[in-house]
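Analysis of the macromolecular model
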Amino acid sequence: MPTTSRQQVGGRGWHTPLLLPLLSLLSSLAPRPGQAAIHIPAKYQTHDLKTPPVITAQPQSITAFSVDDISLTCEASGNPPPIFRWVKDGELFEPADYPDLSVTPGSGTFTVRGDDGLINQYEGKYSCYASNELGTAISNEVIIITENTPTLQKEKKVKLKVEEGESVILPCNPPESTVAPVIHWMDQRLRHIELSERVTQGRDGNLYFSHVMVVDSRSDYTCNAQYLNARTILSKEPITLTVPPSNSVVRNRRPRMMRPSNDQSSYLVLRGQNLELECIASGLPTPSIQWVRKDGEMPGSRTTTENHGRLLRFSRISESDGGEYQCTATNTQGTTTHTYTVTVEAAPFWIKEPESQLYAPGETVTLQCQADGTPKPQVTWSINGIPIADIDPDSRRTVQEGTIILKNVSFTDTAVYQCKAANKHGTILVNTYVYVIELPPQILTPDGQTYTAIEGQKAVLECQTFGSPRPTITWERKELAHLMSNPSMKQIGGSLEITNVSHSDGGWYTCSIKNTNISTRAELEVLNRTVIVSPPQHLRVQEGTSATFICKAEVDPKLAPPQIQWRWNGQKLFEAPDGDKYMFEGSTLIVADVQERDEGIYTCQVITSLDATEASGSITIVDRPDSPSKLQVTDPRERAVTLLWTPGDDHNSPVLEYVVEAEETGAETRGWVELQRVPGVLQRADISLRPFMAYRFRVIAVNDVGNSDPSEPTERLSTPAASPDANPEGVRSESVDPDSLVIMWEEMDRLSFNGPDFRYKVMWRKVVGSGPSWNVNFTTSPPFVVTDVGNFTAFDIKVQAVNQIGEGPEPKLIIGYSGEDYPLESPMNVGVSFLNSTAIRVTWTPIDRDTVRGQLLGYKIHLKNYGPKGRHQRQERVRRGRQLVNEVVVETGANEEQKVLRGLQPYSHYSLSVSVFNSKGEGPRSEPLTFETPEGAPGPPASLHLDSPSEKEMTLRWTPPVYPNGRLTGYLLQYQKIDKEGSLLQVHNIDNHTADSHTLKDLDSSSRYRFMLMGRTSAGLGTPIIKEGATTLDGAPPSNISVSAGETLVNLTWASRERHRSISFHIHYLRKNGQGNWRQSEKVNSSQLFYQLQGLQPGTQYHLRLVYNNTTFWDTEIQTNGAVMAARTGFATEGWFIGLISAIVLLLLVLLILCFIKRSKGGKYSVKDKEECQVDSEARPMKDETFGEYRSLDSDIEEKRTASQPSLCEDSKLCSDGGLDDYGNSNSVQTEVIMDESLASQYSSTRDASGTEAQDSYPLNPTTIAPINHGLPNSAAILD
């Protein structure tokens, strides 16, 4: 459907009665016809489509003065471009006929300059017509009004003399103009006259004094009229006002209307205009003005008072504002009133405007045009600017009031139709187009559009079409046969509207043009609605603390992170630059230093691109409650009082409870203690009192925040003494020593003494044989001891509280016993019977209770283990003092005569005895009873190790059980495949009890086994030891080799193969500069997993090979880090090098000579030094594994230096017995000197070795990652 734009036609001007002439009213109400244009969408694919004319720029009414320019604008669009013409006062007006006019090319706009001549001839009513072959559009009708620039006529000077207290009006009477001037009353120095409630400027421009004063006398009251359109200010003749002072008291005057001067007046105003009603009154004192509506309520929303209440202004008045308005002027002398009758009418305005549209031939067109106004406007139609009454009738055309019906339209019906509504207040006009055309339908919405909606929202799927006739479209969805039957879906125009969408509504929809194969598809994607899962809480915080609001939301993952907006009482919150008040951390709001002004509702708004949700919390300032006040002690009783109080302010946190505290003073003074807690809804407490005490009370209020300060305490209250209310608790006998009775009890609290001279009355008697008489004594504290009472004798015991007033209640009687002694005898007839190899039953005869000398608590069985039984041991050796392994003591009950002991060690020697014990202790033990436990099943072997000599063999090695529990007769071996279900369990009997290994053959090399080995005695098989394993495969070279380079070394790492034996291999390397031969490292074991090849040259390319069994299984090339060392060839010809070598040779000769001299002098040096030298030289043998390890000369010297005067032997190896021989007889000596910035030397010698052995002994140590060489190059560097 094409987009239609409509522009409102007709304005609602306003007029000021009594000021502007009728001509100004007509100008303000000039009709402004609107127009509606057809806009063919830009996406519609068409070529050179003709369009009717459209007025795009309307002319405006003008009031021009003689020097003003006049310009009427009329612009229109259309295809073909429209032709313009003007009509003035109903007659054709051709701007080309007037030389003073200039016309803008391509439009109807014309301009006349005010300095080109008289402009009065252009005064009149104008309409612009824009026409092309499709019709004629008409602009609104405008008025050009011309007048001369206002001028002043010669006036007489006005001089007024007014008595003090009288009223006066200073007239202005400016020259008349269609545009009312702005009035300014000023003095001769161009300062405004000060206006007040007493001195007022009226809407007519006059200056009103409600009463004059002497200070009002002046001769320069000047009225200045400013004509804005004419750009002119006219100053009237100054007026002289003289107010002579009165010799008598100025008489007050009652109010009288100065403007309006009569009692009643009427106003006619049009709807939408502004209206001003004015009342100015005289009187002394100055009257005040009040406004009321006599026939209803004052429209407060559209009325305001100005000028000290003297002006009542209506903004955009409506019909409901019509009625009677009364102003009342009041002072101390009386009142006066004026009534305005306001009538509101309306210029024509549109209720329904006709719509421009494209139509196909044969369709029926209905144009509806409805207008309203007061009085009711008359609606007429024109076609291309010609009244329809002047056009020949057509049976296909029907006109009914504001409606035109065109049936069976054809291309000739294409035209511009004008609807005009007019009443006495003005005329409005609207253009509408009937364009009969055929255009093929097109869908303008792109195909494959995706619309995203939130669950529960409304989704609108667009399907914009265009064509003539208007295309009819249908919406379809593959999953739903009748899409429009769904109540949540409806078609509005070309759009599909889905209300309250759900996830089931997501998917693809098809929009099709009926009776064509034109369609487009749209996808609806339904996302989860945003939900706040952790909303802000209602916080109750203390002043000065921080409040933290948390607002966590769940957002559909396809949406961008949401925006969190916080509001306080509806106002947005922003983080200040200093961040002192509000701090935002993600979805958290922190309000710092909360004060009373921060209370309110805090709302968290979670806003996404498609939806928004919010949740609110609040801050309430809370604090500890104020202290209770006005404590009163009432209703005193013998041992109770009632305490009343008045609660304090709870500070927004209700009181939960009150804590009643007391300060008690009696035998001793205690601090404030809590007596009871009272619910917060109560303000009283019944308090129980103790005798012989003095009390003071106070109350503390408790709420969620904390406790209040204590209230002021009450006056001290004392209670009389009384006999004790209770006796001591916990009366008992704690007798320990024989022949004594110790009576014990819990001391009573001093608060329970109830009076002075408090004591304990202790009473006792034997339970049997002492009769009813009691032994009595008094004491002030426990315990109380009675002697000479026998051992473990029963007594009746009572303890009673007593004070000066009397005794406490009758005490309870308890039975206690005197002290115990150690038992005298041991149990008799102790015997042992075997239940199995680890359990026995011990029996004995019960003890005579009289020999226990106390309460029999039970028996103790002492069981001693002397270790396993030997092959030739005898029981006598146990008695003679065999080494004790461990001892166990088992206690029984007093009435038991037997006990089963379990957990004994089989095939072991034991000793057992039994004793009696009571509370005092243990009696003598019975005679030890020795016995031996029978054999049992052995424990598991102590260890089991697996060793695979080949792929199908496995050797098991074990150690015997720690606890054989008898004599081992052999072992049982069981094994089974664990990675194959249903495999058979294999069993091997090993009859040799001394065996510690066994080899299994013909095993499956691809399987894993579980081995179970258990010992065997005559009692049977023992617990097995279990281990899992598999045979070891033949060795294979390592895999997953990685290499990294340093400056002088290369690190190699690899992974060993699972279950494969370790193998040895070599690393061969060669410099890539074409010099040197292949070098070989020492043997490297694959189990190392790491090797460092050292002594390489920095910045040099090397070729590496890993060789096993003379076969290369891995090779690579690598370059060391660092800069390439400078070439070292040619230095042997340098003079300094030759001199250095000569000096070294000379030094060696001197040393040799000295050594021979010393050797020739037998006995001239210490034999001990020689021996130490020989030992030193032999103390470091060369092993195959460490051959080639080098140490600095300094370290050797430090090791040999043992005397303060070192010998020549200590300084050089050459003097040793073997040193010279080795030096002279070595088959191969290799020496190389490398010069750098500092001179260093190193020599090495190797003995003859053949082939591979020489290569295996190459000086590289794999176990030394970073050898210390004191700055000297290592051997590999020398060889390179």
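Described below are features of the structure shown in this document. Computed from a prediction, not measured in an experiment: that's the story for all the values here.

This part takes up the overall build of the protein chain. When helices and strands are tallied, the protein chain shows 9 helices and 97 strands. Every one of the 1280 residues in the protein chain was classed for burial, and the buried ones make up 41%. In the protein chain, once contacts between residues fewer than 6 apart in sequence are set aside, the share between residues at least 24 apart is 66%. Entry remark: accessible area of the protein chain is about 68800 Å², with carbon and sulfur atoms responsible for 48%.

With that settled, consider the sheet that holds strand E17 (residues 199-201). Strand order in the open sheet made by the 3 strands is E15-E18-E17, with antiparallel pairing throughout. Strands at the two margins of the open sheet, each flanked by one partner only, are strand E15 (168-170) and E17. Looking at each pair of strands side by side, their axes are set apart by 20° on average, direction ignored. Of the pairings in the sheet, the one linking E17 to strand E18 (residues 207-209) comprises 3 bridges and is antiparallel in character. Within E18, the position partnered with glutamine 201 by the bridge is leucine 207.

Here alanine 794 shows up in strand E71 (residues 794-802). Exposure remark for alanine 794: the relative accessible area of 21% places this residue in the partly exposed category. In the structure, alanine 794 is positioned 22 residues away from glycine 816 in sequence and 5.7 Å away in space, judged by C-alpha atoms. Once you skip the residues sitting within four places of it in the chain, alanine 794 turns out to touch Lys766, Val767, Ile815, Gly816 and Tyr817.

Aromatic ring pairs are defined here through the distance separating the ring centres and the angle between the ring planes. Scanning the model with the defined rule gives 31 aromatic pairs in all. The interplanar angle of 85° and the centroid separation of 5.2 Å between the aromatic rings of tryptophan 86 and phenylalanine 110 together place this pair among those described as edge-to-face. Within this pair, whereas tryptophan 86 is found in strand E7 (residues 83-88), its partner phenylalanine 110 is found in strand E10 (residues 110-112), the two being separated by 24 residues in sequence. Phenylalanine 110 sits in the buried class, given a relative accessible area of 1%. Taking 5.5 Å as the distance between ring centres and 75° as the angle between the ring planes, the aromatic pair formed by tryptophan 1054 and phenylalanine 1065 counts as edge-to-face. One end of the pair, tryptophan 1054, is in strand E89 (residues 1050-1055); the other, phenylalanine 1065, is in strand E90 (residues 1064-1071), with 11 residues separating them in the sequence.

Structurally, threonine 222 can be placed in strand E19 (residues 218-227). Among residues more than four places away in sequence, those in contact with threonine 222 are His184, Trp185, Met186, Ser235, Lys236 and Pro238.

A few words on a nonpolar patch on the surface. A cluster of nonpolar residues, Val767, Val768, Leu813, Ile815 and Tyr817, forms a patch on the protein surface that exposes about 470 Å² of accessible area. Assignment of secondary structure puts leucine 813 in the loop between E71 and strand E72 (814-817). Leucine 813 gets classed as partly exposed once you look at its relative accessible area, which sits at 42%.

Mapped onto the elements, lysine 236 comes out in the loop between strand E20 (232-235) and strand E21 (239-242). Assessed through its relative accessible area of 9%, lysine 236 is described here as buried.

Opposite charge on two side chains permits pairing when their charged atoms draw close. Applying the stated criterion across every chain yields a total of 49 salt bridges. Arginine 198 is the partner of aspartate 216 in a salt bridge, and the nearest nitrogen-oxygen pair spans 2.6 Å. Of this pair, aspartate 216 sits in the loop between E18 and E19 while arginine 198 sits in the loop between strand E16 (182-186) and E17; the two residues are 18 residues apart in sequence, bridging distant segments of the chain. Per residue, the accessibility class of aspartate 216 equals that of arginine 198, and both read buried. A salt bridge links lysine 761 to glutamate 807, with the shortest nitrogen-to-oxygen separation between them at 3.4 Å. With lysine 761 in strand E68 (residues 759-766) and glutamate 807 in the loop between E71 and E72, the pair connects residues that are 46 residues apart, well separated along the chain. Residue classification places lysine 761 among the buried residues on the basis of a relative accessible area of 15%. You can call glutamate 807 partly exposed: its relative accessible area is 42%.

Calculation notes
Residues numbered from 1 in each chain as written. Predicted model: local features only at pLDDT ≥ 70, side-chain atom pairs only at ≥ 80, totals over all residues. Heavy atoms only, no water. Helix = DSSP H or I, 4+ residues; strand = E, 2+ residues; numbered from the N terminus. Buried < 20%, exposed > 50% of the residue type's maximum accessible area, 1.4 Å probe, protein only. Contact = heavy atoms within 4.5 Å. Areas by Shrake-Rupley, 256 points an atom, 1.4 Å probe, with all protein chains shown as cover. Pairing = 2+ DSSP bridges. Axes fitted to C-alpha atoms, helices over the stretch in contact; angles between N-to-C directions. Phe/Tyr/Trp six-rings, centres within 6.5 Å; stacked < 30°, edge-to-face > 60°. Patch = residues over 30% accessible without salt bridge, like charges linked within 9 Å, V, L, I, M, F, W, Y side chains within 5 Å. Salt bridge = Lys/Arg side-chain N within 4 Å of Asp/Glu carboxyl O.

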